[in-house]
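Here is how the chains run, residue by residue.
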Amino acid sequence: MRFRAVIFDLGGVVFPSPIDGFREYERRVGLPHRFISDVIIGSDEDGAWARLERGEVALEEFAIAFEAECAVAGEAVRAADMFAALQGGEGGGHPAMLTAIARIREEGLKTAALTNNWVADDGAGMQDRVPGLSDVFDVMIESSVVGLRKPDPRIYELACSELAVSPTEAVFLDDLGVNLKPARAMGMTTIKVAGVDAALAELEAALGFSLSETA
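The text that follows walks through the structure, step by step, so that each part is easy to find. (Residues numbered from 1 in each chain as written. Predicted model: local features only at pLDDT ≥ 70, side-chain atom pairs only at ≥ 80, totals over all residues. Heavy atoms only, no water.)

### Remarks on the pairing of strand 2 (residues 110-115)
Working step 1: Here strand 2 lies mainly inside the structure; five of its six residues are buried.
Working step 2: With four bridges joining them, strand 2 and strand 3 (residues 139-142) adopt parallel strand pairing. Each residue of the ladder has a partner; that of Ala112, found in strand 3, is Val139. (Buried < 20%, exposed > 50% of the residue type's maximum accessible area, 1.4 Å probe, protein only. Helix = DSSP H or I, 4+ residues; strand = E, 2+ residues; numbered from the N terminus. Pairing = 2+ DSSP bridges.)

### Notes on the packing of aromatic side chains
Working step 1: Following the criterion strictly, the structure yields 10 aromatic pairs and no others.
Working step 2: When the centroid spacing of 6.1 Å and the interplanar angle of 20° are considered together, the rings of Trp49 and Phe83 count as stacked. In this pair, Trp49 is assigned in helix 3 (residues 48-53) and Phe83 in helix 5 (residues 79-88), connecting sequence segments 34 residues apart. (Phe/Tyr/Trp six-rings, centres within 6.5 Å; stacked < 30°, edge-to-face > 60°.)

### So, the packing of helix 6 (residues 95-106) against helix 12 (residues 196-207)
Working step 1: It is the contact of helix 6 with helix 12, at a shortest axis distance of 10 Å, that shows an interaxial angle of 15°. If you check the angle between helix 6 and helix 12, you find them roughly parallel. The element helix 6 and its partner helix 12 pack so that their crossing is left-handed. Together, Ala96, Met97, Ala100 and Ile104 of helix 6 and Val196, Ala199, Leu200, Leu203 and Leu207 of helix 12 make up the contact between the two elements. (Axes fitted to C-alpha atoms, helices over the stretch in contact; angles between N-to-C directions. Parallel < 35°, antiparallel > 145°, perpendicular 65-115°, else oblique. Left-handed = near helix turned anticlockwise from the far one by under 90°. Contact = heavy atoms within 4.5 Å.)

### Examining helix 12
Note that an α-helix has 3.6 residues per turn; residues three or four places apart therefore point the same way.
Working step 1: End to end, helix 12 covers 16 Å across 12 residues, agreeing with the expected 16 Å (1.5 Å per residue, within 8%).
Working step 2: In this fold, the buried residues of helix 12 make contact with strand 1 (5-8), helix 6, strand 4 (170-174) and strand 5 (189-192). (Expected span 1.5 Å × (residues − 1).)

### What to know about the pairing of strand 5
Working step 1: Relative to strand 5, strand 4 runs parallel, the two sharing four bridges. Across the sheet, the residue bridging to Leu173 is Ile191, located in strand 5.
Working step 2: With helix 11 (residues 177-186) bridging strand 4 and its parallel neighbour strand 5, the resulting β-α-β unit is right-handed. (Right-handed = clockwise from strand over helix to strand, strands pointing away.)

Here's what the structure looks like:
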């Protein structure tokens, strides 16, 4: 199969996972392991986190709602401290992933970032917070900008539309299985990223060319 595009999640694929920030905060303040993730998953699409990622609430409003959800679940969480842990864990992109993206574009394929994210207090989105990010990809789709979030099938449809490809012509990489399932159901080839090296080996096998060196 000749693919025409590769779609990348950002956190946990191209950049360090924000989940690491959750775990660090939980350890530091003595919360049960996975407490924050369990609250987010339990609140589903109507919860504060989902609404934040769809750009429906500002951080201040999110903090009030999320702290209330955590209180109902039995623990006290300070949203501002939690976000400080997330930002403290942010780092540069994985060099091997960035090299792979450059190689993919050299081979004439399109690339897209498809990320669930939020708008900062100053109104900055991911493209604003990470200098040069918009130059790495042909298409940037941020949940907080488009008002949709993974795993809503419509955000994958939007990605394909922006890339002008069909789902069967795209490969999608994400670190969460729940986000891969709808993409796979649409016909995309999916790769779960548990580690960068293994994921890139799988992507290289699917595409049929080297991702390790720029031409």
